[in-house]
Amino acid sequence: MCAWLARACGGEFRFAVVDESGKPLPCRIHLKDDAGKPVRPKGLPFWYDHFVCTGIAELDLVPGNYSYEVDRGPEYLLTTGTLKVAESGAPSVTNQLRRLVNLSKEGWWSGELHVHRPVADIELLMQAEDLHVAPVITWWNNRNTWTNRALPTNSPVRFDGDRFYHLLGGEDERNGGALLYFNLSQPLDIAGAAREYPSPMKFLAEARRQAGVWVDIEKPFWYDTPVWLASGMVDSIGIAHNHMHRGGVLANEAWGKPREKQRFPDPQGNGFWTQEIYYHVLNCGLRLPPSAGSASGVLPNPVGYDRAYVHLDGELTYEKWWEALKAGRVFVSNGPLLRCRANGQLPGHVFEAAASQPLEINLDAALDSRDPVSSLEIIQNGRVVRTVSFAEWKRIGSLGKIKFEESGWFLIRAVADVPGTFRFASTGPFYVEIGPSARRVSKASAQFFLNWAKERTKQINLDNPRQQDEVIQHHRAAERFWQKKVVQANAD
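The structure displayed is predicted, hence computed values, not measured ones.

**Thoughts on helix H4 (residues 269-283)**
An ideal rise of 1.5 Å per residue puts 21 Å on 15 residues; H4 measures up with 21 Å between its terminal C-alpha atoms. For H4, the buried fraction is high: 13 of the 15 residues fall into the buried class. After H4 finishes, the residue Gly285 shows a positive phi value of roughly 80°.

Written out as structure tokens, the structure is:
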């Protein structure tokens, strides 16, 4: 915490942020006056309670007391301070940001999948958050940046050597929830679509005709999730999502499937409900990597607050980032930086063994966090099977071993000790295949989605019979898919 006495001349104030070598460092600044009102400087990208700058911000401040936080994402230590601006003088303040860790040197590269900020600002926003990959949502339901404009021909854009953004990200968000689309050559023609018609499946099928497209289920609790999963046409699912905020949570499921609040109380209930649904997905033998997105520009988050790190060897390229995510070499986070290996392998790895041959797997972890973390949890087939205290992990340098006698999956989770929000990290899943039943399918989890699919089908009630038949066919197909999963289940 730094305290400064500043004497302002004509309201001019120079706020500087430098790295450890003394060079200006792009960053995000939360600056508030004595009443708690955020300062919104002219000419700098601002959202909700913060602005970003190249490392130098010329501010017009009235005399008074101010508090500030300087941030650059979870790989940097947070810097805080106070200012007292008086009547005379020509002041400036310089803060130094220090790195907590440099994950790109370990082969981990950050990205996020839900950015609603102006295209003109995206490069500075990414620099200020030390973010490496960020497709930008430029079309969303009836809004389309490219209406009456030529489509960009330079996507993806590379800058700073190792930062990439794509200009044609899109979102179809209606009654069943939201699907995010990436790497298309042009927007989908969804303008004018009603809340239930046409079905999102129509546009999903259209997108799949383009090579290289990526489709993300934006949050697991959206009501059409069982339909999208059954289609086999989605690539990832967002478990670090926009209801998880830097300063709190959006403690509801919007118009998605609500949680039981007795089982999942506020403020962290939405986060744990999100993860339980994802665990049901994995329990059904479906292998989707987790993703992350903040929805900055719509909800209060900064760009990159909810982010995914993927691991790759060698030089980062835009295409390699997506390939690593598809392979499951990922962890998601909005705070703790949790890197794990199992028998030396990264998340996404499939361990194989012959029938009746148990597998014992050693778990190693690296964890850096600005917030306290009391423990790390090992999740096996959807259940916490071991909790390792932070102190024990630091003492022995390992998470111990996990044993499998039949097929399944596991991942590692760390939830920070931060009241009022859900700040966590989760690895992508590791998979285990033992004997002929290569994928474990839980009857309870399949029934969970079958019941959900039937519930959603009952919500489809269009006045036009033709439209009703067209939409309902996708829900009936999902019911058949999940019913088949129930019958084919090989685990409770």
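**Some remarks on the sheet that holds strand E15 (residues 169-174)**
Across a sheet, strands are paired by hydrogen bonds formed along the backbone, either parallel or antiparallel in direction. What the seven strands build is an open sheet, ordered E12-E11-E15-E16-E17-E18-E21; its pairing is mixed. At either end of the open sheet lies a strand with only one pairing partner, and these are strand E12 (143-144) and strand E21 (290-292). Here strand E11 (residues 137-140) runs beside E15; their pairing, made up of three bridges, is parallel. Within E15, the residue paired with Trp139 across the bridge is Gly170.

**Side note on the packing of H4 against helix H7 (residues 443-459)**
For the pair H4 and H7, interaxial distance at closest approach is 8 Å and the crossing angle is 115°. When the interaxial angle is binned, H4 and H7 end up roughly perpendicular. By crossing handedness, the relation of H4 to H7 is classed as left-handed. Here H4 contributes Trp273, Ile277, His280, Val281 and Asn283 to the contact with H7, which in turn contributes Ser445, Phe448, Phe449 and Trp452. Residue composition of the contact of H4 with H7, by class: six nonpolar, three polar and no charged.

**As for the environment of Phe264**
Positionally, Phe264 belongs in the loop between strand E20 (248-249) and H4. Here Phe264 falls in the buried class, since its relative accessible area comes to 7%. In this structure the C-alpha to C-alpha distance between Phe264 and Thr225, which are 39 residues apart in sequence, comes to 20 Å.

**Digging into the pattern of salt bridges**
A complete count under the given rule lists 32 salt bridges for this structure. Taking the shortest distance from any N to any O, the salt bridge between Lys257 and Glu455 comes out at 2.7 Å. Highlighted residues: Lys257 in the loop between E20 and H4 and Glu455 in helix H7, separated in sequence by 198 residues. According to the relative accessible area criterion, Lys257 is buried, its value standing at 14%. Accessibility expressed as a relative area gives 31% for Glu455, which makes it partly exposed. The partner of Arg466 in a salt bridge is Glu470, and the shortest N-O contact between them spans 3.4 Å. Within this pair, Arg466 and its partner Glu470 are both found in helix H8 (residues 465-488), separated by four residues, close to a single helical turn. Linked through salt bridges whose partners overlap, the residues forming this network are Arg28, Glu69, Asp71, Glu129, Arg246 and Arg370.

**Description of the side chain of His166**
Topologically, His166 is positioned in the loop between strand E14 (163-165) and E15. Judged by its relative accessible area of 7%, His166 falls in the buried class. Only 3.2 Å separates the side chain of His166 from the backbone nitrogen of Leu168, close enough to count as a polar contact. Ignoring sequence-local partners within four residues, the contact set of His166 consists of Ala134, Pro135, Val136, Ser155, Pro156, Asn183, Leu184 and Tyr318.

Rules of the game
- Residues numbered from 1 in each chain as written.
- Predicted model: local features only at pLDDT ≥ 70, side-chain atom pairs only at ≥ 80, totals over all residues.
- Heavy atoms only, no water.
- Helix = DSSP H or I, 4+ residues; strand = E, 2+ residues; numbered from the N terminus.
- Expected span 1.5 Å × (residues − 1).
- Buried < 20%, exposed > 50% of the residue type's maximum accessible area, 1.4 Å probe, protein only.
- Pairing = 2+ DSSP bridges.
- Axes fitted to C-alpha atoms, helices over the stretch in contact; angles between N-to-C directions.
- Parallel < 35°, antiparallel > 145°, perpendicular 65-115°, else oblique.
- Left-handed = near helix turned anticlockwise from the far one by under 90°.
- Contact = heavy atoms within 4.5 Å.
- Nonpolar A, V, L, I, M, F, W, Y, C, P; charged D, E, K, R; others polar.
- Salt bridge = Lys/Arg side-chain N within 4 Å of Asp/Glu carboxyl O.
- Polar contact = N/O pair within 3.5 Å; in protein donor to acceptor, adjacent residues only side chain to side chain.

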